[in-house]
Amino acid sequence: MSTWPKNAWYAAAWDHEVGAGLLARTICDTPVVLYRTLAGEPVALHDACPHRLLPLSMGFREGDSVRCRYHGLKLGADGVAEEMPLRNASVNRKVCTRTYPLVDRHRLVWIWLGDADKADPALIPDLWPCSTDGWVFDGGYYRVACDYRLLIDNLMDLTHETWVHQTSIGQKEIVEHPLETVVEGDRVLVKRWMPEIDPPPFWRNALGKPGKVDRWQICEFVAPSNVIIDVGVAPVEDGATLEDHDTGARAFVIDCMTPETATSCHYFWGMSRHFGQDDRGLTGRLQAGQAGVFFEDVEVLEAQQRSIEANPHLKMTAYEIDSGGVKSRLIIQRMIRSEQAP
Ligand code: FES
Ligand SMILES: [Fe+2]
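Visitor: Please explain the overall build of the protein chain as it appears in this structure.
Guide: Along its length, the protein chain carries 6 helices and 18 strands. Taking 20 Å as the expected radius of gyration for a compact globule of 342 residues, we find that the protein chain reaches 22 Å, a close match to that expectation. Seen through its principal axes, the protein chain has C-alpha atoms that stretch 80 × 50 × 35 Å. Across the protein chain, contacts joining residues at least 24 apart in sequence account for 56% of those joining residues at least 6 apart.

Visitor: Honestly, helix α1 (residues 148–155) in this entry has me stumped. Any pointers?
Guide: Think of an α-helix as 3.6 residues a turn; residues three or four steps apart then line up on the same face. Within α1, 8 of the 8 residues are buried, leaving the element largely enclosed by the surrounding structure. Among the residues of α1, Y148, R149, L150, L151, I152, D153, N154 and L155 are the ones counted as buried.

Visitor: Explanation requested: the domain arrangement of the protein chain in the structure shown.
Guide: Note: interface size is frequently given as the accessible area lost on complex formation between the parts. Domain boundaries assigned for the protein chain yield domain 1 (9–123) and domain 2 (129–340). With centres defined by C-alpha atoms, the gap from domain 1 to domain 2 works out at 33 Å. Contact residues are listed per partner, giving 11 residues for domain 1 and 11 residues for domain 2. Elements supplying a minimum of two residues to the side of domain 1 that touches domain 2: β1 (9–14) and β2 (23–27). Looking at the side of domain 1 that touches domain 2, the element that brings in the most residues is β1, giving 4 residues. Taken together, the residues of the side of domain 1 that touches domain 2 sort by class into 7 nonpolar, 2 polar and 2 charged.

Visitor: Sorry if this is basic, but what is going on with the environment of K212 here?
Guide: Its location among the elements puts K212 in the loop between α4 (201–207) and β15 (213–222). On the basis of neighbour counts, which here come to 14 C-beta atoms within 10 Å, the residue K212 falls in the partly exposed class.

Visitor: It is not clear to me how the sheet that holds strand β8 (residues 81–83) should be interpreted in this structure. Could you clarify?
Guide: Strand order in this open sheet of 4 strands is β5-β6-β7-β8, and the pairing throughout is antiparallel. The open sheet terminates on both sides in strands that have one partner only, identified here as β5 (60–62) and β8. In this sheet, β8 lies alongside strand β7 (residues 74–75) in antiparallel orientation, the contact comprising 2 bridges. Looking across to β8, one finds that K74 is bridged to E83.

Visitor: Honestly, helix α5 (residues 280–310) in this entry has me stumped. Any pointers?
Guide: Along its 31 residues, α5 runs 45 Å from first to last C-alpha, staying within 8% of the 45 Å computed at 1.5 Å per residue. Buried residues along α5 sit against β12 (136–144), α1, α2 (161–164) and β18 (264–273).

Visitor: Sorry if this is basic, but what is going on with the nonpolar core here?
Guide: Where a protein is soluble and globular, its nonpolar side chains tend to be buried together. Core analysis: the biggest nonpolar cluster contains 83 residues, and Y10, A12, L34, A44, I111 and L151 have the highest contact counts within it. No other element matches the 7 residues that strand β17 (residues 249–261) contributes to this core. Formed jointly, this core draws a minimum of three residues from each of two domains, domain 1 (9–123) and domain 2 (129–340). When sequence neighbours within four positions are dropped, the list of residues in contact with Y10 reads I27, C28, W110, I111, S225 and T258.

Visitor: Mind showing me how you'd approach the sheet that holds strand β10 (residues 102–105) here?
Guide: Pairing is antiparallel in the open sheet, where 3 strands are placed in the order β1-β11-β10. Since the sheet does not close on itself, it has two edges, and those belong to β1 and β10, each with one partner. Ignoring strand direction, the axes of neighbouring strands in this sheet form an average angle of 35 degrees.

Visitor: Whenever I open this one, the environment of E296 confuses me. Can you help?
Guide: Within the secondary structure, E296 sits in helix α5. When near neighbours in sequence (up to four residues on either side) are disregarded, E296 contacts V164 and H165.

Visitor: How should the pairing of strand β11 (residues 108–112) be read in this particular structure?
Guide: Regular strands place their side chains on alternate faces of the sheet. Within β11, 5 of the 5 residues are buried, which leaves it mostly tucked inside the rest of the structure. Here β11 shows no split at all, with L108, W110 and W112 on one side and V109 and I111 on the other all buried. Summarising the sheet, β1 and β11 pair through 5 bridges and their orientation is antiparallel. When the sheet's bridge partners are listed, W9 is paired in β11 with W112. Taking the residues that link successive antiparallel strands as the turn, the β10-β11 hairpin has 2 residues, and the phi of H106 there is positive, at about 55 degrees.

Visitor: Help me out: how do you make sense of the pairing of strand β14 (residues 187–197) in this one?
Guide: In this structure, strand β13 (residues 179–184) lies alongside β14, joined through 6 bridges in antiparallel fashion. Its bridge partner being in β14, V183 is matched across the sheet by V188. Two successive antiparallel strands, β13 and β14, enclose a turn made up of 2 residues, where G185 displays a positive phi of approximately 60 degrees. Direction of pairing for β14 relative to β15: antiparallel, over a ladder of 9 bridges. Note that in β15 the partner of K191 across the bridge is I218.

Reading the values: rules and limits
Residues numbered from 1 in each chain as written. Chains lettered and ligands numbered in written order. Predicted model: local features only at pLDDT ≥ 70, side-chain atom pairs only at ≥ 80, totals over all residues. Helix = DSSP H or I, 4+ residues; strand = E, 2+ residues; numbered from the N terminus. Rg over C-alpha atoms; globule rule 2.2 N^0.38 Å. Contact = placed C-beta atoms within 7 Å. Buried ≥ 20, exposed ≤ 12 C-beta atoms within 10 Å, placed from the backbone. Domains from an automatic or database assignment. Nonpolar A, V, L, I, M, F, W, Y, C, P; charged D, E, K, R; others polar. Pairing = 2+ DSSP bridges. Expected span 1.5 Å × (residues − 1). Core = buried A, V, L, I, M, F, W, Y, C linked by C-beta atoms within 7 Å. Axes fitted to C-alpha atoms, helices over the stretch in contact; angles between N-to-C directions.

Next up, the structure:
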């Protein structure tokens, strides 16, 4: 049984990755080739030539079309044959490769691999911090050799920051404060409030002034494979609360973990911040800092995946800290079941 729902929008690439070239990517076990037409429209074709199945991504762009590298079959952006390998052969328009809906939104390009008639762009996850004035966003990409759900577990339980990210955002106060898990429809929220603490190095720098702070972490699972985390610190005198904290140094961490195969995923990560908006150097430094922090997760998650495979007789257990991940997995399971219902 598949571990992901098919009828959903998945982040396929950053918008800047999709251009004149042919970008090959496997998404949910489906090979696709992504590019933009000359008018800038993003296109996704099934990445197999209808003739002898060579990946089309190895071929050549010609205008808005793709010519196969092997015998030269030419397909349009609609996936339909425009020229056969023998130039005097009449074009058979039944020769085609499948196309998939592909939409630019929130700095990412989103793909729908399921039933095309259900591909409503209104269902694309609302990653507004990536694309709203007043917020500065930058991010990056890692391919991670782990089940995408391990990454969801990781992001819905920030207890791990204390140990995995000891030198940047981790601090012992994280494990000293309780968390609250709330389910609202297809959303799961895990909230943690840490009043009157010393900020860790990353947040002390972001705030740019000394003193005790209130710190918050609110992780939101956006089905089926995205997590948005509202994070920040505010000077205690600001009087911030868990419900109202648009002050101090606030940011949203954006995470999309699109399944590649059952044991690998595409991790699109980034941070959108409210503080230091005019400081372009800061944008670059934060991006580099985040790349380092998330690479610490990659090392742990890939080792976890290897260990799971090496120990098929053992089952993972879940503690209180895992409630966000457990509840997110239940929603994923529900979505998969509803697709399989007769
Ligand atoms: S494999 Fe593509 S034209 Fe033959
Ligand atoms: Fe982490």
